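These are the residues of each chain, in order.
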Amino acid sequence: MTKILKTILKIINGVILSVTILLAITILTARFMGIQLYTVLSGSMEPEYPTGSLIVVKEIEPSELKEGDVITFRLNANTTATHRIVEIISEGNNLKFRTKGDANEEADGSPVSEEYVVGTPFLTFPEAGYTANKLQSPEGKKKIITVFAVLMAYVFVTDFFISDKKSKKKDASETNDKS
């Protein structure tokens, strides 16, 4: 194998491993920092958050929220919504937030209690939500694992073939010297 081809393969392997490690660190760090990803499924917050957008939501203390802030909150165990706070209601030690979608005529029916607040969006990727949903499906997860396995196999196989003959000869001579 030519020296140029070996160098190119080493660079490609380095890039693949670096990107894989960087993605893993990013995903784990985001989880530990209370950052979550959600897909916007309705047009209630258009034009700020178009349908199909991927929003990145960070945790926030409910006491830090103010009118005009956008929050993501749980409607039930499987459903979240992202709407703007139009009123803050203080009931003793508990805060409630009356919310409204920017594109909606009326405020939401009932206020959101502070324990249902997930966080506030701080980053948006238009159209990326559909892709994220596909990748999070069982078929998408299988595809991600397959791609990862193929890339790792590629790195290990090419690394085996591009290892220097000099180091193999050096290892052989060291073995002979010890005999």
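Let me begin by describing the structure that accompanies this report.

Cut-offs applied
Residues numbered from 1 in each chain as written. Predicted model: local features only at pLDDT ≥ 70, side-chain atom pairs only at ≥ 80, totals over all residues. Heavy atoms only, no water. Pairing = 2+ DSSP bridges. Helix = DSSP H or I, 4+ residues; strand = E, 2+ residues; numbered from the N terminus. Salt bridge = Lys/Arg side-chain N within 4 Å of Asp/Glu carboxyl O. Buried < 20%, exposed > 50% of the residue type's maximum accessible area, 1.4 Å probe, protein only.

Turning our attention to the pairing of strand 4 (residues 79-91). Sheet analysis places strand 3 (residues 70-76) next to strand 4, joined by six bridges and oriented antiparallel. Following the sheet pairing, Phe 73 is matched in strand 4 by Ala 81. Hairpin connection from strand 3 to strand 4: two residues lie between these consecutive antiparallel strands. Here seven bridges tie strand 4 to strand 5 (residues 94-100), and the two strands are oriented antiparallel to one another. The residue of strand 5 that forms the bridge with Glu 91 is Asn 94.

What follows deals with the pattern of salt bridges. Inspection of the entire model under this criterion finds five salt bridges. Residue Glu 48 is joined to Arg 84 by a salt bridge in which the shortest nitrogen-to-oxygen separation is 2.6 Å. Here Glu 48, found in the loop between strand 1 (35-39) and strand 2 (54-58), pairs with Arg 84, found in strand 4; they are 36 residues apart in sequence, far enough to count as distant. The class for Glu 48 is partly exposed, based on a relative accessible area of 39%. As a salt-bridge pair, Arg 84 and Asp 102 come within 2.8 Å of each other at their nearest N and O atoms. In this pair, Arg 84 sits in strand 4 while Asp 102 sits in the loop between strand 5 and strand 6 (112-113), placing the two residues 18 residues apart along the sequence. Judged by relative accessible area, which is 21%, Arg 84 ranks as partly exposed. Within this structure, Glu 48, Arg 84 and Asp 102 form a network of salt bridges that share partners.

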